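# Commentary on secondary and tertiary structure
Each chain is listed here by its residues.
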Amino acid sequence: MIRDQETLTLLLDSIARFVRERLIPNEQEVADTDRIPAQLVAEMRDLGLFGLSIPEAYGGLALTMEEEVHVAFELAHASPAFRSLIGTNNGIGSQGIVIDGTEAQKRHYLPKLAAGQMIGAFALTEPGSGSDAGSLKTTALLDGDAYVLNGSKRYITNAPEADIFTVMARTDPVLTGSAAISAFIVERDTPGLSLGKIDRKMGQRGAHTCDVIFEDCRVPVGQLIGGREGVGFKTAMKVLDKGRLHIAAVCVGAAERMLDDALRYALEREQFGQPIAEFQLVQAMLADSKTELYAARCMVLDAARRRDAGEDVSTEASCCKLFASEMCGRVADRCVQIHGGAGYVADYAVERFYRDVRLFRIYEGTSQIQQLVIARNMIRSAR
Ligand SMILES: Cc1cc2nc3c(=O)[nH]c(=O)nc-3n(C[C@H](O)[C@H](O)[C@H](O)COP(=O)(O)OP(=O)(O)OC[C@H]3O[C@@H](n4cnc5c(N)ncnc54)[C@H](O)[C@@H]3O)c2cc1C
C-alpha cells in the first residue's frame, strides 16, 4: 500500500541521489577498509534510513511494506554493506519490539533505534542450531528479579556495533522444542555479555558479524519482550517473515545494479570489431537476467501489498526470498560472464557483488528452509 505517492517519490528520489552520489563512489573504500565512514553513517541518519519501518509515534517513518520494498530496491543498488548497517534497525533488530514489545519497551528503545542513535541486532543462531533454530540451547533462568543468560550466539549481524540485542533463549530448562523459548532485549554493556572476534567473511566487507557470548548475564525481568515467556520463537518467526520480504527486495535491487553494470560494459567492450552487446549469446544472458528480475520484482510487490492488506504472507514471503535470492545468484554469475576476465578482477564492482550476494541464499533462512516452509504450508492448507 502506498499512502501518498508524491511523498514516496520524493523519498525514493532522495535515496536514489544519495546512492548515486555518496554510496556508490565510496563502495571501494568501504571494501578496502572494511568500514563505513562515520560521515556516511551520519548522512544515513539524517535521511531517516534507520527508522524506515518504525512507527511514527516512536520517531520512525512507518513505511508500509510496499513502500519499504521500494526503498530497498533503491538502496540495494549500492554495496550491500550499506543496507546491512541500517537493515537490523529496520528489520530483525527492532521488529521484535515493534511487533510484540510492551509499551514501555517501545517507548524506551524505538526512538533511539529510529534515529540511528542505537544499533539493534538479532541473536537467534547458535553454534549448534542454525536452520533448526527451535533447538537452540542458550538458557535464561529466572533468579529473583532477573533472568540469568548462559550460552552463545553465532554470526550475529552488526553485533560489533550493536547497543541492544534481541536474544532468543530457553526459559524452561526441561521443556524441549520452541514452546520454551522467550525473547529478551539485552543491552550491550550488561555484565556477562561479551563479543567474539569479528568474522572474516566471503564478502560484504564493511558489514560485520561475530559471536555473542552470555556467561551468567543477568537481564532484568522487564527486558522480557512483551512480558511473556514461551512466545519468543513465535516473535522470531514473525520478525523473519517480514525480513524475508525485505531481503527479497534487496536481491532485486542488487541484481538491477549488476545488470546495469553488465549492460554498460557490453555496450562499451568491443570484440570481433563490434560491441559484445551485439552478440546474440550475450544478449541471451542480458534477456534472461532481465526476465527473471522482472518476475522477482513483481512477486515482491505483490507479496508486500498482500501483507499491507492484512493477509498472512508466510508462504509468499518464502517464495519471494527463495526466488529472488536464487535469481540474484544467477544474475551475478551471468554478469561476471558478460564482463569476461574483467569480471574476475577486483577493478569492477561485479566481482565484489558476486561475492556479496552469495549471502542472500543463506541467511534469514536458507533456500532449502524456504522450500520447506512453502511445501509445509501447502500441505497444511490442503489437509
Ligand atoms: C553473514 C551472516 C550474517 C548472519 N546474521 C545473522 C543474524 O543477524 N542473526 C542470526 O540469528 N543469525 C544470523 N546468521 C545466521 C544464518 O541465519 C544461518 O547461517 C542460517 O540460518 C543457516 O544456518 P547454519 O549456518 O547453521 O546452516 P545449517 O542449518 O547447518 O545448514 C547447512 C545446510 O544444510 C541445509 N539444511 C539444514 N536443514 C535442512 C533441512 N531440514 N532440509 C534440507 N536442508 C537442510 C541448509 O539449507 C544448508 O544448505 C547470519 C549468517 C551469516 C553467514
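Before any of the text, the structure's been laid out above.
Attention here is on the structure that accompanies the text. (Residues numbered from 1 in each chain as written. Predicted model: local features only at pLDDT ≥ 70, side-chain atom pairs only at ≥ 80, totals over all residues. Heavy atoms only, no water.)

### Comments concerning the overall build of the protein chain
When helices and strands are counted, the protein chain shows 11 helices and nine strands. Compactness check: the protein chain gives a C-alpha radius of gyration of 21 Å against a globular reference of 21 Å for 383 residues, within 12% of the reference. Structurally, the protein chain occupies a C-alpha span of about 80 × 55 × 45 Å along its principal axes. Split into buried and exposed, the 383 residues of the protein chain put 54% on the buried side. Sequence-distant contacts in the protein chain: of pairs separated by 6 or more residues, those separated by 24 or more amount to 76%. Each charge class in the protein chain can be summarised by its mean position, and for the 43 positive and 51 negative side chains these summaries are 4 Å apart. (Helix = DSSP H or I, 4+ residues; strand = E, 2+ residues; numbered from the N terminus. Rg over C-alpha atoms; globule rule 2.2 N^0.38 Å. Buried < 20%, exposed > 50% of the residue type's maximum accessible area, 1.4 Å probe, protein only. Contact = heavy atoms within 4.5 Å. Lys, Arg positive; Asp, Glu negative; His and termini not counted. Charge placed at Lys NZ, Arg CZ, Asp CG, Glu CD.)

### Quick notes on empty space enclosed by the protein
For the coordinates displayed, the defined rule picks out one cavity of 30 Å³ or more. Lining the largest cavity we find D100, A183, I225, R228, V231, G232 and T235. (1 Å grid on protein atoms, 1.4 Å probe; cavity = no way out; pocket = protein on both sides within 12 Å on 5 of 7 lines; lining within 4 Å. Points joined across faces, edges and corners; volume = space filled by probe spheres on them.)

### Overview of the state of the cysteines
This model, assessed by the stated rule, comprises zero disulfides. Of all cysteine sulfurs in the structure, the one in C210 sits closest to C217, which takes part in no disulfide; the separation is 14 Å. Between C319, a free cysteine, and C320, which holds the nearest cysteine sulfur, the sulfur-to-sulfur gap is 6.8 Å. (Disulfide = S-S within 2.5 Å.)

### Description of the site of the ligand
T125, S131, T157, T366 and Q368 are the nearest of the 18 residues found near the ligand. A distance of 2.7 Å separates a nitrogen atom of the ligand from a polar atom in the side chain of T157. Between the ligand and the protein, one listed contact pairs an oxygen atom with a side-chain N or O atom of T366 at 2.7 Å. Relative to its unbound accessible area of 980 Å², the ligand is 64% covered by the protein chains. For the shell around the ligand, the secondary structure elements donating two or more residues are β3 (146-157) and α11 (367-382). No other element matches β3, which puts three residues into the shell around the ligand. Its residues assigned to classes, the shell around the ligand comprises nine nonpolar, seven polar and two charged. (Near = heavy atom within 4 Å. Polar contact = N/O pair within 3.5 Å; in protein donor to acceptor, adjacent residues only side chain to side chain. Areas by Shrake-Rupley, 256 points an atom, 1.4 Å probe, with all protein chains shown as cover. Nonpolar A, V, L, I, M, F, W, Y, C, P; charged D, E, K, R; others polar.)

### Describing the nonpolar core
In terms of nonpolar packing, the biggest core is built from 48 residues, with V69, V300, C328, I338, V357 and F360 touching the most fellow members. Broken down by element, the residue count for this core peaks at 14 residues, all from helix α7 (residues 232-268). Residues in contact with I338, not counting those within four places in the same chain, are A262, Y265, A266, I276, V282, M285 and L286. Among the nonpolar cores identified, the runner-up in size contains 25 residues, and F18, V30, V41 and F82 belong to it. (Core = buried A, V, L, I, M, F, W, Y, C linked by side-chain atoms within 4.5 Å.)

### Quick look at α11
Look at α11: 23 Å from first C-alpha to last across 16 residues, which is about the 22 Å you get at 1.5 Å a residue. Those residues of α11 that fall on the buried side of the exposure criterion are S367, Q370, V373, I374 and N377. The buried side chains of α11 occupy one side of the element, clustering within an arc of 120° when seen end-on. Exposed side of α11, more than 90 degrees from the buried face: Q368, R376, R380 and A382 are the residues found there. (Expected span 1.5 Å × (residues − 1). Arc of directions from axis to C-beta.)

### Describing the packing of α7 against helix α9 (residues 314-339)
Packing of α7 against α9 leaves a shortest axis separation of 8 Å and a crossing angle of 20°. Put simply, α7 runs roughly parallel to α9. With respect to the hand of their crossing, α7 and α9 are arranged in left-handed fashion. Across the contact of α7 with α9, the residue classes break down as 21 nonpolar, four polar and four charged. (Axes fitted to C-alpha atoms, helices over the stretch in contact; angles between N-to-C directions. Parallel < 35°, antiparallel > 145°, perpendicular 65-115°, else oblique. Left-handed = near helix turned anticlockwise from the far one by under 90°.)

### Points about the pattern of salt bridges
Scanning the model with the defined rule gives 21 salt bridges in all. The shortest N-O distance in the salt bridge between E43 and R22 comes to 2.8 Å. Of the two residues, E43 is situated in helix α2 (residues 38-46) and R22 in helix α1 (residues 5-33); the sequence distance between them amounts to 21 residues. The class for E43 is buried, based on a relative accessible area of 17%. Residue classification places R22 among the partly exposed positions, given a relative accessible area of 29%. Across the salt bridge formed by D211 and R154, the nearest N and O atoms sit 2.9 Å from each other. With D211 in strand β7 (residues 209-220) and R154 in strand β3, the pair connects residues that are 57 residues apart, well separated along the chain. Residue D211 is classed as buried on the basis of its relative accessible area, which comes to 15%. R154 sits in the partly exposed class, given a relative accessible area of 29%. (Salt bridge = Lys/Arg side-chain N within 4 Å of Asp/Glu carboxyl O.)

### Concerning unusual backbone geometry
In the Ramachandran plot, D34 falls in the positive-phi region, its phi being about 60° despite a non-glycine side chain. By secondary structure assignment, the location of D34 is in the loop between α1 and α2. Among the residues examined, D34 registers a relative accessible area of 22% and is labelled partly exposed. The backbone of F272 shows a phi angle near 50°, a positive value even though the residue is not glycine. Here F272 lies in the loop between β8 (270-271) and β9 (274-275). For F272, a relative accessible area of 77% translates into the label exposed.

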